[in-house]
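Spelled out, the chains give:
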Amino acid sequence: MQDMATETFIGNMRGPVIRRMDADYDAVRSLYNGMIDKCPVMIARCADVADVVAAVNFAMENELQVAIRGGGHNGPGLSSIEDGLMIDMSMMKGVRVDPAARTVRVGPGCTQGDVDHATHIYGLAVPAGIVSTTGIAGLTLGGGTGYLTRKHGLTIDNLLEADVVLADGRIVTANGSENADLYWGLRGGGGNFGIVTSFLFQAHPVHRVFAGPIFWDLENARSVLRKYRDFLPSAPEELGAFVGLKTVPPVDPFPAEHQGKRACAIIGCYNGPTEDGQAVLARLLGELPPPLFNWMGEMPYPALQSMFDPFFPKGLQWYWRGDFVKELTDEAIDAHIEQARNAPSALSLMHLYPIDGAVHRVGKNDTAWNTREANWSMVIAGIDPNPQKAGEITRWTKGYWEAVHPYSAEGGYVNFMMEDGDESRLRATYGDNYDRLAALKAKYDPTNFFHMNQNIRPLHS
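Note that the coordinates shown come from a computational prediction; the quantities given were computed from them, not determined experimentally.

Now for the overall build of the chain. Counting its secondary structure elements, the chain contains 14 helices and 19 strands. Since a compact globule built from 461 residues should have a radius of gyration of about 23 Å, the 22 Å found for the chain is in line with a globular shape. Overall, the chain is about 70 × 50 × 40 Å in size when its C-alpha atoms are taken along their principal axes. Put simply, of all contacts in the chain between residues at least 6 apart along the chain, 73% involve residues at least 24 apart. Here the chain displays about 17400 Å² of accessible surface, and carbon together with sulfur accounts for 51% of that area. Side-chain charges in the chain split into 40 positive and 54 negative, and the spacing between the mean points of these groups amounts to 2 Å.

Further remarks concern empty space enclosed by the protein. Applying the stated criterion across every chain yields a total of four cavities of 30 Å³ or more. By volume, the largest cavity is sized at about 60 Å³. Residues of the lining of the largest cavity, tallied by class, amount to five nonpolar, six polar and no charged.

Okay, the domain arrangement of the chain next. Entries for the chain in the domain assignment read domain 1 (1-88), domain 2 (95-205) and domain 3 (208-416). Placing the centre of domain 1 and that of domain 2 at their C-alpha centroids yields a distance of 23 Å. Residue-level contacts link 11 residues of domain 1 with 15 residues of domain 2. The largest contributions to the domain 1 side of the interface with domain 2 come from V49, G71 and H73, which together make up 40% of the buried area.

Let us look at the pairing of strand β12 (residues 208-217). Burial runs high along β12: eight of the 10 residues are buried. One ladder, built from four bridges, connects β12 with strand β16 (residues 297-300); its direction is antiparallel. Note that in β16 the partner of R208 across the bridge is P300. Bridge analysis of β12 against strand β14 (residues 262-270) gives eight bridges, and the strand direction is antiparallel. Bridging from a neighbouring strand, D217 pairs with A263 of β14. Relative to strand β15 (residues 293-294), β12 runs antiparallel, the two being bridged by two bridges. Looking at β15, one finds that F215 is bridged to F293.

For the rest of this paragraph, the subject is the sheet that holds strand β2 (residues 42-45). Strand order in the open sheet formed by four strands is β1-β2-β4-β3, and the pairing between neighbours is mixed. At either end of the open sheet lies a strand with only one pairing partner, and these are β1 (17-19) and β3 (66-69). Strand-to-strand twist of the sheet, defined as the mean angle between neighbouring strand axes without regard to direction, takes the value 20°. Together, β2, β3 and β4 (85-88) form the strand contacts of helix α3 (residues 49-61), whose direction differs from that of β4 by roughly 165°.

With the rule as written, the count across this model stands at 31 salt bridges. A salt bridge links R229 to D330; the shortest N-O distance between them is 2.7 Å. Residue R229 is found in helix α8 (residues 221-231), and its partner D330 is found in helix α11 (residues 330-340); the two are separated by 101 residues along the sequence. Judged by relative accessible area, which is 17%, R229 ranks as buried. D330 gets classed as partly exposed once you look at its relative accessible area, which sits at 29%. With its nearest N and O atoms 3.9 Å apart, the salt bridge here joins D384 to K389.

It is worth spelling out the environment of T155 at this point. Of note, T155 is situated in the loop between α6 (149-152) and β8 (159-165). Placed 99 residues apart in sequence, T155 and V56 show a C-alpha to C-alpha distance of 27 Å. With residues near it in sequence (within four places) discarded, T155 still touches P127, A128, L139, T140, G143, G144, T145 and F201.

In this section: the layout of surface pockets. Estimates place the volume of the second largest pocket at around 210 Å³. Taken together, 16 residues line the second largest pocket, and the ones lying closest to its centre are S30, R69, G71, G72 and K314.

Let us now look at the nonpolar core. Core analysis: the biggest nonpolar cluster contains 83 residues, and Y147, L182, L186 and Y301 have the highest contact counts within it. Among the elements that make up this core, the one with the highest residue count is helix α14 (residues 434-444) (five residues). Each of domain 2 (95-205) and domain 3 (208-416) gives at least three residues to this core. Counting residues in each nonpolar core, the second largest holds 40 residues, with I266, A335, M350 and I380 among its members.

Across the interface, α8 lies against helix α9 (residues 274-285) with an axial gap of 10 Å and an inter-helix angle of 130°. Comparing the axis directions of α8 and α9 gives the class oblique. Residues K227, Y228 and F231 of α8 pack against V280, R283 and L284 of α9. When the residues that make up the contact of α8 with α9 are grouped by side-chain class, the tally is four nonpolar, no polar and two charged.

We now examine the environment of V172. Mapped onto the elements of the fold, V172 is located in strand β9 (residues 171-175). In contact with V172, not counting residues within four places along its chain, are A162, D163, V164, L166, N179 and L182.

What follows is about the sheet that holds strand β10 (residues 195-202). If you trace the five strands from one edge of the open sheet to the other, you get β5-β6-β10-β8-β9, paired in antiparallel fashion. What marks the edges here is a single partner per strand, and that holds for β5 (95-98) and β9. The sheet shows a mean angle of 15° between the axes of neighbouring strands, taken without regard to direction. Where β8 lies against β10, six bridges are found, and the strand directions are antiparallel. Within the sheet, the bridge partner assigned to V164 lies in β10 and is V196. The strands touched by helix α4 (residues 112-120) are β5 and β6 (103-106); relative to β5, the strand with the most contacts, the crossing angle is about 35°.

Calculation rules
Residues numbered from 1 in each chain as written. Predicted model: local features only at pLDDT ≥ 70, side-chain atom pairs only at ≥ 80, totals over all residues. Heavy atoms only, no water. Helix = DSSP H or I, 4+ residues; strand = E, 2+ residues; numbered from the N terminus. Rg over C-alpha atoms; globule rule 2.2 N^0.38 Å. Contact = heavy atoms within 4.5 Å. Areas by Shrake-Rupley, 256 points an atom, 1.4 Å probe, with all protein chains shown as cover. Lys, Arg positive; Asp, Glu negative; His and termini not counted. Charge placed at Lys NZ, Arg CZ, Asp CG, Glu CD. 1 Å grid on protein atoms, 1.4 Å probe; cavity = no way out; pocket = protein on both sides within 12 Å on 5 of 7 lines; lining within 4 Å. Points joined across faces, edges and corners; volume = space filled by probe spheres on them. Nonpolar A, V, L, I, M, F, W, Y, C, P; charged D, E, K, R; others polar. Domains from an automatic or database assignment. Buried area = accessible area lost by both parts, 1.4 Å probe. Buried < 20%, exposed > 50% of the residue type's maximum accessible area, 1.4 Å probe, protein only. Pairing = 2+ DSSP bridges. Axes fitted to C-alpha atoms, helices over the stretch in contact; angles between N-to-C directions. Salt bridge = Lys/Arg side-chain N within 4 Å of Asp/Glu carboxyl O. Core = buried A, V, L, I, M, F, W, Y, C linked by side-chain atoms within 4.5 Å. Parallel < 35°, antiparallel > 145°, perpendicular 65-115°, else oblique.

Below, the structure written as structure tokens:
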């Protein structure tokens, strides 16, 4: 009977269903994070919303656990599941731009690059992340931070509407007037409540930007970090700039004499006239030591968004930890520099992404994202192509996080969590929104069917 049910399910799907005996099974099941290897029983490669509903119903009727894959960029590997059903929407990639309303309708399989490509010809962009291969679905449901955040808010602050497949197979629309409680929870609550099959975003005028990286030797990191910390709050919100401790990549086109050096970098984006951006950056750079190199210049916005793609292909080993940071003290800066000196690989890094400006103008209870008073979202990432270094990069990341966590808020960005997203961590992250989220979970997913995520358990369980 189970075999008959499976064959009926496969026959009713418009997209392919990949099983373990199929030749392309290993290629399709592979994850962005090469450190994680999972073997689902089947992978339902959905072609449309009807396929998503069929997959949900099949899993529910046959007591299969599920994981949901959108753009396929999830760091902790929550888009797959051992011995369960992966509901894979990576082929559902439609993007439709309404230039008059400045809105963008986006399919769940889209990457940030897909969205940028479609909006750029209209001189528009949706505030999102910093790497074009990032899946827009997971990024959005966790919050979404990037170069446009200071001016236009988090990605969730620009989410106008979502279509959602619930655990019981129903399709609902969530916006400010219809299923408004679900709309609230989707904006930062992750994939806890259902499968979003369509996103409607507000877009903003963005075309050519003054942008790029500036690198200093790590010996200048204290001066750079302090100046960046003091300068940013008064800088125009048109400037989105994050700071990082990293290594000059040992590859072209980076200057041969600096390749492999430990470094402090500011990667900035000024969305406005180049001469205005140059004037703003001059105020930041005026009192700092000369950089190793300054590659800021005028470029199309999608060029900035894809700038780091070559360094982070699918299949690298990743381990990351994050925190929200309210104040970057001198003591915290010293702790960061001490840990960064011991980075285990050229790709390992620490970034501080600003979440001030427009983010602070949204109430902490207006969306599920609660930490509106933080000023940065920090990520520490151990990264290397060699699987034999998985243990080393994991130990470094955990040790770094433990050293700087005393200077951070208790909660962190859910998109930067690995296995540390337990209930106490999520309670710290969501604050007084947590119980409301747990009640919402009980309403829309009472059996915790959608649990392969940074999971919020239903209130009654």
